[in-house]
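Descriptive analysis of the structure
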Amino acid sequence: MPTASFGWSDSNALSQQLDNPLHPPQHPIGGPMDKLGEQAVARVVGAMQTNLGERITIDDMAKVAMFSKFHFTRVFQRVTGVSPARFLSALRLQEAKRFLVATDLRVTEISHRVGYNSPGTFSSRFKTSVGLSPTEYRQLRGRTTRISVDNRKNIVVRRTSSVSGRIHCPAECEPGPTFVGLFRDPIPQGAPISCAVLPGPGHFQLENVPEGAWHLLIHTVPAGSEHTADRTPSVGSHGPLVVSSSTVAHVVDVVLRPMSAIDPPVLMALLDVRTTALETSRAS
């Protein structure tokens, strides 16, 4: 990984980052202090995106946020749901997905451009998070034919519960093909525990949910733009939902909102799955 430290040792560069925050987040947490925290996190995320190939430390991030290192870490976790390191890793893999589809760069070159010293480590993390190897992802042009559900023995203790509810689409969100899944973490990556692909927001039901604490994550794209990036997706989340041996069902309602820069990226390969589901529904 390059040895430059986030590209912020120059005070002028730092000032430029602070004076040009991203658009205010669209899912405020609370009062003025929370808004300041969101704005600080947005500055850091913007700087991450500009410097993905560099060595980025928590100290670097905290300087841009203008917080102490420990306060910054707490604020970032509260605003985004994940740690700064996890968010940075997700941004790097998201950029790698773009490079694989939009350029002819070799996988080794892409891995270095997004901050990995080892192409092997990069490929392993990419496949774990996206569900396809970098080469497969490129060959399929960012599409996958199905989503594999996580059926590892260490989590299938007892399947006794269901999670159901309704996904609401407010006026500021555009309805379209909708993915809903249960994950270990607040990032839609890897194999979900249970999932469904819907023609649009509305009622959903996930069956055979194993014991554990799961995050319900929803992602939808405007109809007709499943294979483009020119329109804003909508997202929603709920959880963690705790499922125990005595849990019969969880019923939850989730309101979608336009995805913002401080939402963790959607790392799963979803496009072809949603399109195929729609075509199947129309044909039937």
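Procedures and definitions
- Residues numbered from 1 in each chain as written.
- Predicted model: local features only at pLDDT ≥ 70, side-chain atom pairs only at ≥ 80, totals over all residues.
- Heavy atoms only, no water.
- Helix = DSSP H or I, 4+ residues; strand = E, 2+ residues; numbered from the N terminus.
- Buried < 20%, exposed > 50% of the residue type's maximum accessible area, 1.4 Å probe, protein only.
- Contact = heavy atoms within 4.5 Å.
- Phe/Tyr/Trp six-rings, centres within 6.5 Å; stacked < 30°, edge-to-face > 60°.
- Lys NZ or Arg CZ within 6 Å of the ring centre and 35° of its normal.
- pLDDT = per-residue confidence, 0-100.
- Core = buried A, V, L, I, M, F, W, Y, C linked by side-chain atoms within 4.5 Å.
- Salt bridge = Lys/Arg side-chain N within 4 Å of Asp/Glu carboxyl O.
- Axes fitted to C-alpha atoms, helices over the stretch in contact; angles between N-to-C directions.
- Parallel < 35°, antiparallel > 145°, perpendicular 65-115°, else oblique.
- Nonpolar A, V, L, I, M, F, W, Y, C, P; charged D, E, K, R; others polar.
- Expected span 1.5 Å × (residues − 1).
- Arc of directions from axis to C-beta.

1. A closer look at the overall build of the protein chain
Looking only at helices and strands, one finds nine helices and eight strands in the protein chain. Taking all 284 residues of the protein chain together, the buried fraction comes to 46%. In the protein chain, the proportion of contacts linking residues at least 24 apart, taken out of those at least 6 apart, comes to 72%.

2. Quick notes on the packing of aromatic side chains
Evaluation of the coordinates by the stated rule reveals six aromatic pairs. Ring geometry for Phe76 versus Phe87: centroids 5.5 Å apart, planes at 85°, classification edge-to-face. Taken together, the residues Phe76 in helix α4 (residues 69-80) and Phe87 in helix α5 (residues 84-102) connect sequence positions 11 residues apart. Phe87 carries the same exposure label as Phe76, and that label is buried. Across the ring face of Phe99, the terminal group of Arg98 is positioned such that the distance to the ring centre comes to 4.8 Å.

3. Description of the confidence of the model for the protein chain
Summarising the model, the protein chain shows a mean pLDDT of 81, and 75% of its residues fall at 70 or more. Mean pLDDT values for the elements of the protein chain range from 35 in helix α1 (residues 11-19) up to 97 in helix α6 (residues 107-113). When the criterion is pLDDT under 50, residues 1-5 qualifies, and its contacts beyond four places in sequence or with other chains add up to 14 contacts.

4. Overview of the nonpolar core
The biggest cluster of nonpolar side chains holds 37 residues, and the ones touching the most others in it are Met48, Phe122 and Phe126. Residue assignment for this core shows that the elements contributing at least two residues are α2 (32-50), α3 (58-65), α4, α5 and α7 (119-130). No other element matches the eight residues that α5 contributes to this core. Discounting chain neighbours no more than four positions away, the residues touching Phe126 are Leu93, Ala96, Lys97, Leu100, Gly131, Leu132, Ser133, Pro134 and Tyr137. Counting residues in each nonpolar core, the second largest holds 19 residues, with Leu182, Phe204, Val252 and Leu256 among its members.

5. Section: the pattern of salt bridges
Taken as a whole and assessed by the stated rule, the structure comprises six salt bridges. For Asp59, the salt bridge goes to Lys69, with nearest N and O atoms at 3.8 Å. Placement of the pair is Asp59 in helix α3 and Lys69 in helix α4, with a sequence separation of 10 residues. Here Asp185 ties to Arg86 by a salt bridge, and the two come within 3.7 Å at their closest N and O atoms. In this pair, Asp185 is assigned in the loop between β2 (178-183) and β3 (194-198) and Arg86 in helix α5, connecting sequence segments 99 residues apart.

6. Looking at the packing of α5 against α7
At a minimum axis distance of 11 Å, the contact between α5 and α7 shows a crossing angle of 95°. Viewed along their axes, α5 and α7 adopt a mutual orientation that is roughly perpendicular. For the pair α5 and α7, the contacting residues are Leu93, Ala96, Lys97 and Leu100 in the first and Phe122, Arg125, Phe126, Ser129 and Val130 in the second. When the residues that make up the contact of α5 with α7 are grouped by side-chain class, the tally is six nonpolar, one polar and two charged.

7. Let's talk about α4
With 12 residues, α4 should cover 16 Å at 1.5 Å per step; its first-to-last C-alpha distance of 16 Å lies within 8% of that length. Among all positions of α4, only Phe72, Val75, Phe76, Val79 and Thr80 are buried. The buried residues of α4 all sit within an arc of 105° when viewed along its axis, so they share a single face. Away from its buried face by more than 90 degrees, α4 exposes Phe70 and Arg74. Just past α4, the residue Gly81 takes up positive phi, approximately 90°.

8. Remarks on unusual backbone geometry
Put simply, Gly239 and Pro240 share a cis peptide bond, and its omega is 10°. Along the polypeptide, Pro240 turns up in strand β6 (residues 234-243). Even without being a glycine, Asn208 presents a positive backbone phi close to 55°. Mapped onto the elements of the fold, Asn208 is located in strand β4 (residues 203-210).

9. Digging into the packing of α3 against α4
At a minimum axis distance of 9 Å, the contact between α3 and α4 shows a crossing angle of 80°. The angle between α3 and α4 places the two elements in the roughly perpendicular class. Where α3 approaches α4, its residues Ile58, Asp59, Met61, Ala62 and Ala65 are matched on the opposing element by Lys69, Phe72 and Thr73. Of the residues contributing to the contact of α3 with α4, the split by class is five nonpolar, one polar and two charged.

10. What about the environment of Arg231?
Relative to the assigned elements, Arg231 resides in the loop between β5 (212-220) and β6. Separated by 57 residues in sequence, Arg231 and Glu174 have C-alpha atoms that sit 9.1 Å apart.

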